[in-house]
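Close look at the chain arrangement
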Amino acid sequence: MASELMSVLVHLLVGSVFRNWSRILRDYVAAGVGELLQVVAVFGVAYVLAQLFVRLFGPRISTRFERPSLARVTVRGGTVAIYLIALFSVLRIYGFRLSQIALTVTVFTAVLGVVLAPIVGSFISGIFLLADQPYEIGDMIEIADTGQRGFVEDITLRYTKVFTLENTFVVVPNGTMRDRDVINYSAEDRRTRQSLDFVVTYEGDLDQARELIENAARSVDGVIRGGPSIRIGPSGYPANPTCHVAEYGDHGVHLTLRYWVEEPYKLAAIKSNVLSEIWERLEGADVEIAYPHSHMVFDETSGELPVSMRSGEGDTPREH
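About the cut-offs
- Residues numbered from 1 in each chain as written.
- Predicted model: local features only at pLDDT ≥ 70, side-chain atom pairs only at ≥ 80, totals over all residues.
- Heavy atoms only, no water.
- UniProt positions renumbered as here; feature names shortened; annotations may be inferred.
- pLDDT = per-residue confidence, 0-100.
- Helix = DSSP H or I, 4+ residues; strand = E, 2+ residues; numbered from the N terminus.
- Patch = residues over 30% accessible without salt bridge, like charges linked within 9 Å, V, L, I, M, F, W, Y side chains within 5 Å.
- Areas by Shrake-Rupley, 256 points an atom, 1.4 Å probe, with all protein chains shown as cover.
- Salt bridge = Lys/Arg side-chain N within 4 Å of Asp/Glu carboxyl O.
- Lys, Arg positive; Asp, Glu negative; His and termini not counted.
- Charge placed at Lys NZ, Arg CZ, Asp CG, Glu CD.
- Buried < 20%, exposed > 50% of the residue type's maximum accessible area, 1.4 Å probe, protein only.
- 1 Å grid on protein atoms, 1.4 Å probe; cavity = no way out; pocket = protein on both sides within 12 Å on 5 of 7 lines; lining within 4 Å.
- Points joined across faces, edges and corners; volume = space filled by probe spheres on them.
- Pairing = 2+ DSSP bridges.
- Axes fitted to C-alpha atoms, helices over the stretch in contact; angles between N-to-C directions.
- Core = buried A, V, L, I, M, F, W, Y, C linked by side-chain atoms within 4.5 Å.
- Contact = heavy atoms within 4.5 Å.

The chain carries the name Small-conductance mechanosensitive channel in an unreviewed UniProt entry, which gives Halapricum desulfuricans as its organism. UniProt, in the comment section headed Sequence similarities (unreviewed entry), describes the chain in these words: "Belongs to the MscS (TC 1.A.23) family." Listed in UniProt under the heading Subcellular location (unreviewed entry), the comment for the chain reads: "Cell membrane".

Examining the confidence of the model for the chain
Confidence in the prediction for the chain averages 76 pLDDT; 68% of positions are at 70 or higher. At the low end of the mean pLDDT range in the chain sits strand β12 (residues 318-319), at 51; at the high end sits strand β10 (residues 253-261), at 94.

Some words on a negative patch on the surface
Taken together, the side chains of Asp205, Asp207, Glu211 and Asp286 present a region of like negative charge at the surface. For Asp286, a relative accessible area of 48% gives the class partly exposed.

Considerations on the layout of surface pockets
Its volume calculated, the largest pocket comes out at about 240 Å³. The wall of the largest pocket is formed by 13 residues, among which Asn184, Tyr185, Glu188, Asp189 and Arg191 lie closest to the centre. Sorting the residues of the lining of the largest pocket by element identifies β5 (182-184) and β7 (230-232) as the ones contributing at least two each. The biggest single contributor to the lining of the largest pocket is β7, with three residues.

Examining the sheet that holds β10
Taken together, three strands build an open sheet; the order of strands is β6-β10-β9 and the sheet is antiparallel. Strand pairing shows two members of the sheet lacking a second neighbour, β6 (192-200) and β9 (242-248), which therefore form its edges. Sheet twist, expressed as the average angle between the axes of neighbouring strands with direction ignored, equals 25°. Bridge count between β6 and β10: nine bridges; the pairing is antiparallel. Across the sheet, Val200 pairs through a bridge with Val253, a residue of β10.

A few points about the nonpolar core
Taken as a class, soluble globular proteins show a tendency for nonpolar side chains to be buried jointly. If you look at the biggest cluster of nonpolar residues, it comprises 24 residues, and the most contacted ones within it are Leu255, Leu257, Tyr259, Val274 and Ile278. Among the elements of the structure, β6, α6 (206-218), β10 and α7 (267-282) are those that each provide at least two residues to this core. Other than its neighbours up to four places away in sequence, Leu255 contacts Leu196, Asp197, Phe198, Val200, Leu206, Ala209, Arg210, Ile213, Cys243, His244, Val245 and Ala246. Counting residues in each nonpolar core, the second largest holds eleven residues, with Leu129, Val152, Ile155 and Val172 among its members.

Description of unusual backbone geometry
Although it is not a glycine, Asn167 sits at a positive phi angle of roughly 65°. Structurally, the position occupied by Asn167 is in the loop between β3 (159-164) and β4 (169-173).

Thoughts on the pattern of salt bridges
Inspection of every chain in the model, using the stated rule, returns four salt bridges. Arg149 is the partner of Glu142 in a salt bridge, and the nearest nitrogen-oxygen pair spans 3.2 Å. Under the relative-accessibility criterion, Arg149 is labelled partly exposed at 24%. The partner of Glu277 in a salt bridge is Arg281, with the nearest N and O atoms 3.0 Å apart. Taken together, the positions of Glu277 and Arg281, both in helix α7 and four residues apart, correspond to about one turn of that helix. Residue Glu277 is classed as partly exposed on the basis of its relative accessible area, which comes to 23%. Judged by relative accessible area, which is 31%, Arg281 ranks as partly exposed.

Okay, here's the thing in structure tokens:
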């Protein structure tokens, strides 16, 4: 009888403990599932709001700012702000107070400032790049130390993306970009002036050489043939190709051809076409491209050089 009573008590105790723990686990799982659903709902709403922000305010911001880079940074900043608000809301769901969130963000920012100093420096350099406006999205630039030339595809607070003429991407951190010499071919005007140097002989017709060179450049597609003077700051330059006498050199007359190209990305092809056209037009003309000649002069002061000639095996050498 006592054993049966003990058995009943053990079963009751075990059942009570099991029910309590199962209830606690069920409540914990229910609470966790509920919080998870709230988190998913918050980020879902944030995603929808971010998409609406881009669609509704993106075009207005683009028309508001003249520079595409500033418009992109502003749109990205708005979406980041929406997701940050969503993140703070999720932290509130898990019991973090505003003061705790602020302290956590402060500590986290301090740690990032120490560990990720180069990235922070790139962000600061990106702000300076946007303020200084050395180039803009769509401009053709050249990085002087590497010689890489291409179009600016994107400017962010962290890096600049350049789409090169070789159909490749170059991503340069803004911290590095600010320390480099950057040549902008299309900052204010896409037209670019190029120069070619020639040397013609003194025996040729100088006026004819200049005229042929100018006409050759004028006939190439992509070269501005004429029109009003092109102004650069306070100065004005002829729009048509011009060939000037640069100097009188040791081997001939130095000429400089200056011409304007309509599109900067065609510089290499147009230069090749100009050189080919000049080569064809000088063919048969009273003009010759000069190149260094070496003349050896022998006189009575040059001394004597003994020379021997052997005509056959049995012949003796003869000196001349």
